[in-house]
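Next come the chains, spelled out residue by residue.
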Amino acid sequence: MTTHSHPHGPDREQTREQHRQPHHHQQHDRHGSGVGAPHGDVHRPHDESGWADMLDLDAEVFGSLLDELTDWVRRHGPQAPRRIADVGAGTGTGSLALARRFEAAEIVAIDNSTVLLDRLRAAAASAGLTADRLHVVQADLEVAWPSIDAVDVAWAASSLHHFADPDHVLRDIHAALNPDGLLVVVEMDALPRFLPDDLGIGRPGLEARCHEAAARAGGNAYPDWRPYLERAGFAMVGQHTFTIEASPAPPVAVRYAYALLSRFRAAFGERLAADDLDTLDRLLANDGPDALVDRRDLTMRSGRTAWAARRP
């Protein structure tokens, strides 16, 4: 596996059991996603527990990006932050990574979902993160910033784009930061890619067409956050894109590919041609010569773009 930063054989039974579920249409709501799982209608199921599973799977596959991202936070932020807010904490992969990087800091994990915060608490307990290091806060940031002490660093990974009024949320974050405090916003710069262009079945370019269908539906959409940050009173200090690649894909990535293609099939079936739907169904079959879980030609690639801004 290789990771890059730029300025500006699968477990068959586990995979099949985890994804032997009917397809559902998706809903959109506002919850964070740790390092930055795919978002919008691409990925989010009706039940939040299914969404939590997807967040954890994304972190397991692309979690090494967290080390690069949190090190980047360390280089731009205060030397020894006492309190860090994870804005839209999701299942807590970002919270735990920040806790590992900043061993003396208190982490305040903020989200509006009881289900995701319960998953976060369980993950923190498994990691041995004690209550004096992690403070979990359920709050709807569209309504108001929670009553917590001022923070030195705020982290918003794949969460800011979910708010109806991100300007309002950014102003609240600005007010919550100590002077010279740092805000880091992280977004997925493109949906993960796993498939070879020519699968040996169907037309070449299936994954690209799935991504195009997602883009037409507004999936994985976010703006350049720089003008938003500046409008809220922040001073920009950096922007960076991080990428990760592996060939062949590790077994957990095959599970993620299965889950993501299942979501494409459910959310965008009406936007894809009949032959592409047939190819997806053959890939997602529980067995057969074309089943995704038996392929050995998958790779993986994904990236994150981060913006760092300081409260003057």
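Residues numbered from 1 in each chain as written. Predicted model: local features only at pLDDT ≥ 70, side-chain atom pairs only at ≥ 80, totals over all residues. Heavy atoms only, no water.

A.B. asks: Give a detailed account of helix 3 (residues 64-76), specifying residues and quantitative values.
C.D. replies: Helical geometry: 3.6 residues make up each α-helical turn, so side chains three or four residues apart lie on a common side. Taking 1.5 Å per residue as the helical rise, helix 3 with its 13 residues ought to reach 18 Å, and the 19 Å between its terminal C-alpha atoms agrees with that figure. Among the residues making up helix 3, those that are buried are Leu65, Leu66, Leu69, Thr70, Asp71, Trp72 and Val73. (Helix = DSSP H or I, 4+ residues; strand = E, 2+ residues; numbered from the N terminus. Expected span 1.5 Å × (residues − 1). Buried < 20%, exposed > 50% of the residue type's maximum accessible area, 1.4 Å probe, protein only.)

A.B. asks: Describe unusual backbone geometry, with residues and values.
C.D. replies: Following serine 247, the chain continues to proline 248 via a peptide bond in cis, the omega torsion being 0°. Its place among the elements puts proline 248 in the loop between strand 7 (235-246) and helix 9 (251-268). Here the phi dihedral of serine 158 falls at roughly 50°; this positive angle occurs in a residue that is not glycine. Structurally, serine 158 is set in the loop between strand 5 (151-157) and helix 6 (166-176). Judged by its relative accessible area of 0%, serine 158 falls in the buried class. Not every positive phi belongs to a glycine, and aspartate 180 is a case in point at roughly 70°. Relative to the elements of secondary structure, aspartate 180 occurs in strand 6 (residues 177-193).

A.B. asks: Break down the pairing of strand 5 for me, citing the residues and quoting the values.
C.D. replies: Sheet faces and side chains relate simply in a regular strand, where the side chains alternate between the two faces. For strand 5, the tally of buried residues reaches seven of seven residues, placing the bulk of the element in the interior. Strand direction decides the pairing type here: strand 5 and strand 6, joined by six bridges, are parallel. Looking at strand 6, one finds that alanine 154 is bridged to leucine 183. Once you follow strand 5 into helix 6 and on to strand 6, the crossover reads as right-handed. (Pairing = 2+ DSSP bridges. Right-handed = clockwise from strand over helix to strand, strands pointing away.)

A.B. asks: Residue-level account of the confidence of the model for the protein, with values.
C.D. replies: Put simply, the protein has an average pLDDT of 85, and 84% of its residues get 70 or more. Long-range and interchain partners of residues 6-46, a stretch whose pLDDT sits below 50, account for 145 contacts in this model, where long-range means more than four residues apart. (pLDDT = per-residue confidence, 0-100. Contact = heavy atoms within 4.5 Å.)

A.B. asks: Talk me through the pattern of salt bridges; I want residue IDs and the actual numbers.
C.D. replies: Applying the stated criterion to the full structure yields 16 salt bridges. Its salt-bridge partner being aspartate 167, residue arginine 231 comes within 3.0 Å of it at the nearest N-O pair. Of this pair, arginine 231 sits in helix 8 (residues 226-231) while aspartate 167 is found in helix 6, placing the two residues 64 residues apart along the sequence. With a closest N to O distance of 2.7 Å, arginine 209 and aspartate 276 form a salt bridge. Separated by 67 residues along the polypeptide, arginine 209 in helix 7 (residues 206-216) and aspartate 276 in helix 10 (residues 274-283) bring together distant segments of the chain. Classification of arginine 209 by relative accessible area gives buried; the value is 17%. One network of salt bridges, in which partners are shared, links Asp71, Arg74, Arg75 and Arg101. (Salt bridge = Lys/Arg side-chain N within 4 Å of Asp/Glu carboxyl O.)

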